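Understanding the architecture of this molecule
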Amino acid sequence: MAAWLRGQRQATSFYLVVSNVAGIMQTPTHFLIAGALAVPARRHLIGNTPALLLGAVLPDIPFALLTLWGLFYYRWIAPLPQPGVIMEYLHFTLYFTDPIWIAGHNFFHSLVVDGLLFAVGLWGWRHRQRWGVPLTWLATSMLLHVTIDIFTHHSDGPLIWWPVNWSYRFASPISYWEVAYGGATFARAELILNVLLSTYLLTALWPQIKQQFLRWQASAGSRQVR
Ligand SMILES: [Zn+2]
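Residues numbered from 1 in each chain as written. Predicted model: local features only at pLDDT ≥ 70, side-chain atom pairs only at ≥ 80, totals over all residues.

Comments concerning the overall build of the protein
We count it as follows: A run of H or I in DSSP counts as a helix once it spans at least four residues, and a run of E counts as a strand once it spans at least two, with each numbered from the N terminus. With C-beta atoms placed from the backbone, a contact is any residue pair whose C-beta atoms sit within 7 Å.
What the protein contains, in helices and strands, is 8 helices and 0 strands. Sequence separation of 24 or more characterises 52% of the internal contacts of the protein that already satisfy a separation of 6 or more.

Shown next, in the form of structure tokens:
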């Protein structure tokens, strides 16, 4: 019985590690999508590359920081309040119940917050404030991130109306990780998408990378001559 339980626990931990790695994988996907969109936007002199790239990852940063803090806290400072794995407690209990986790994770995942930031950015843009353009593009990128999240989460989607509503999550028929909602197929599709986006970015940015490399080589060569 004890061995069976241990086996179950190991299987659960393995599943959690896999699902968490998958969770970490999604943030780079957001970044690659924004990067791929920034290339043609820059060519047509629209958008703001740093704001687009920052907006693609900013909504997920509090989650990553809270996870790191939680792992540290329950490993070294306090015992876990319930039996089980730390990651499970953080992502399946605190994520849904703790006000700090709810506010932290949903702040930039909220259509209310991002919509307001977009409106303020547009106002600043119109009134020729220096922050107007970057704020508008930052909010646009975060709204794109949230839209993708809404349609790729089933049980754990963002609280899109936070802080007005602290419980409503749209249950998408597709989940990027839950096996019951196509998670396994989605993970494979996401991997293919990432390879395609990386190839596109590398091809599009290759002239710039080459130029940088040649410049570095030339300066190293002149240092050697001296
Ligand atoms: Zn997200």
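Having put the structure on the table, let's press on.
Remarks on the nonpolar core
Threshold: A set of buried Ala, Val, Leu, Ile, Met, Phe, Trp, Tyr and Cys residues, joined to one another through C-beta atoms within 7 Å, is what we call a nonpolar core. Residue burial here comes from a neighbour count, namely the number of other C-beta atoms, placed from the backbone, that lie within 10 Å of the residue's own C-beta, with 20 or more meaning buried, 12 or fewer meaning exposed, and in between meaning partly exposed.
Counting 16 residues, the largest nonpolar core has L52, L138, A139 and M142 as the members making the most contacts within it. It is helix α7 (residues 132–150) that contributes the most residues to this core, 6 residues altogether. Apart from the residues within four sequence positions on either side, L138 is in contact with A51, L54 and G55.

Details of the packing of helix α6 (residues 111–126) against α7
Heads up, the rule is: Convention adopted: a line fitted to C-alpha atoms gives each axis, helices being fitted over their contacting stretch, and angles between N-to-C directions are expressed from 0 to 180 degrees. Roughly parallel means an angle under 35 degrees; roughly antiparallel means over 145; roughly perpendicular covers 65 to 115; every other angle is labelled oblique. By convention, the crossing between two helices is left-handed when the near helix turns anticlockwise from the far helix through less than a right angle, and right-handed when the turn is clockwise. In this classification, the charged set is Asp, Glu, Lys and Arg, the nonpolar set is Ala, Val, Leu, Ile, Met, Phe, Trp, Tyr, Cys and Pro, and all remaining amino acids, among them Gly, are polar.
Interaxial distance between α6 and α7 falls to 7 Å at its minimum, and their mutual angle equals 155 degrees. Judged by the angle between their axes, α6 and α7 are roughly antiparallel. For the crossing formed where α6 meets α7, the hand is left-handed. Mapping the contact onto sequence places L111, D114, L117, F118, V120, G121, L122, G124 and W125 in α6 and G132, V133, L135, T136, A139, T140, M142, L143 and V146 in α7. The class makeup of the residues in the contact of α6 with α7 is 12 nonpolar, 5 polar and 1 charged.

Quick look at helix α2 (residues 49–57)
How we decide: The directions from the helix axis to the C-beta atoms are what the arc is built from.
Those residues of α2 that sit buried are A51, L52, G55 and A56. Seen end-on, α2 carries its buried residues on one side only, within an arc spanning 135 degrees.

Details of the environment of W101
Residue placement: W101 occurs in helix α5 (residues 99–106). For the pair W101 and P62, spaced 39 residues apart in the sequence, the C-alpha separation amounts to 8.3 Å.

As for unusual backbone geometry
Cis geometry is found at the peptide bond from W162 to P163, where omega equals 5 degrees. Structurally, P163 can be placed in the loop between α7 and α8 (183–225). Positive phi, normally seen in glycine, also occurs at L45, with a value near 55 degrees. In this fold, L45 is placed in the loop between α1 (2–43) and α2. On the basis of neighbour counts, which here come to 6 C-beta atoms within 10 Å, the residue L45 falls in the exposed class. The backbone of R128 sits at a positive phi, close to 55 degrees, despite the residue not being glycine.

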